[in-house]
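# Summary of the model geometry
Chain residues, written in single-letter form:
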Amino acid sequence: RKLKDVSALGGVRKLKLCHCTGVTDVRALGTVQELDLSFCTGVCDVSALATVKKLSLRSCSEVEDVSALGGVEELDLGHCARLVDVSALGTVRKLNLAGCRAVVDVSALGRVEELNLGFCTRVVNVSALGGVRKLSLYGCTGVVRVNALGGVEELDLNGCTGVVRVSALGGVRKLNLSNCTRVMDVSALGGVQKLILYGCTEVKDVSALGGVRKLILAGCTGVVDVCALGSVRKLNLWGCRGVVDVSAL
């Protein structure tokens with residue numbers, strides 16, 4: 001933590017400076033290929049890091065301007081509290097914005113391959129994100145409409161309590177609807193390979209889910225009839241107190 005001057009480290013290929021709170025000037029580190037500055041709370045200006053391939057600025061609380069970082073391949077900006085504008089990051093391949101609660105507009109991020117927006121509670125409109133391959137909206141309580149996300153391969157909607165209709169998500173390969181307490185109708189999800197409905201207490205009819213390979217119904221207290229699920233390879237019924245007859249399984 002006493003380290004302040006990092007000007008001599010520009011020739012290092014992979015550099016980890018986590019929790020080096022005394023570091024403020026990182027201009028010499030632009031040639032580092034993999035750079036971890038997590039919890040370097042003194043860092044503000046990151047404009048010189050545009051050519052770093054893999055960069056973590058996790059919990060760098062003073063970082064606000066990331067407009068120069070569009071060329072970074074893997075970028076972790078989790079819990080950067082001052083971050084608002086992410087419009088320049090649409091070409092990043094793997095992007096973590098989890099806990100960036102000031103972020104609202106994510107319309108420029110539709111080409112990101114892997115995108116984590118966990119607990120970005122001010123994000124409401126996700127209609128531009130249908131092209132993302134792996135998308136986490138964990139705890140995004142402002143999200144209601146997910147009809148544009150049917151093309152996402154892996155989609156995490158855990159804790160998205162505003163979501164009601166999921167009929168457009170039948171083409172998603174891995175779908176997590178844990179604690180989506182307003183979801184009732186899952187009849188369109190029979191083609192999902194891995195489906196997690198943990199804590200979806202309003203779900204009652206699971207007769208259409210017989211084609212799901214791995215199905216987690218733990219805590220689905222409204223489910224009673226599971227006779228249609230005999231072909232499911234892996235089935236979790238923990239806490240399904242209404243289920244009595246499992247003879248078909």
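Scroll up to find the structure.
Rules used in this analysis
- Residues numbered from 1 in each chain as written.
- Predicted model: local features only at pLDDT ≥ 70, side-chain atom pairs only at ≥ 80, totals over all residues.
- Heavy atoms only, no water.
- Helix = DSSP H or I, 4+ residues; strand = E, 2+ residues; numbered from the N terminus.
- Buried < 20%, exposed > 50% of the residue type's maximum accessible area, 1.4 Å probe, protein only.
- Contact = heavy atoms within 4.5 Å.
- Areas by Shrake-Rupley, 256 points an atom, 1.4 Å probe, with all protein chains shown as cover.
- Lys, Arg positive; Asp, Glu negative; His and termini not counted.
- Charge placed at Lys NZ, Arg CZ, Asp CG, Glu CD.
- Pairing = 2+ DSSP bridges.
- Axes fitted to C-alpha atoms, helices over the stretch in contact; angles between N-to-C directions.

## Quick word on the overall build of the protein chain
Looking only at helices and strands, the protein chain features zero helices and twelve strands. Counting from the amino terminus, helix and strand elements in the protein chain follow one another as β-β-β-β-β-β-β-β-β-β-β-β. Considering only C-alpha atoms, the protein chain reaches an extent of 70 × 30 × 25 Å along its principal axes. With 249 residues in all, the protein chain has 46% of them scored as buried. Put simply, 0% of the contacts in the protein chain that link residues at least 6 apart link residues at least 24 apart. Looking at the protein chain as shown, the accessible area adds up to about 11800 Å², and 49% of this sits on carbon and sulfur atoms. Side chains of the protein chain give 30 positive and 23 negative charges; the mean places of these two sets differ by 5 Å.

## Quick word on the sheet that holds strand E11 (residues 214-216)
Judged by pairing direction, the sheet is parallel, and its twelve strands sit side by side in the order E1-E2-E3-E4-E5-E6-E7-E8-E9-E10-E11-E12 without closing on themselves. At either end of the open sheet lies a strand with only one pairing partner, and these are strand E1 (14-16) and strand E12 (234-236). Between one strand axis and the next, the sheet turns by 0° as a mean value, whatever way the strands run. Pairing geometry for E11 and E12, over three bridges, is parallel. When the bridges of E12 are listed, Leu215 appears paired with Leu235.

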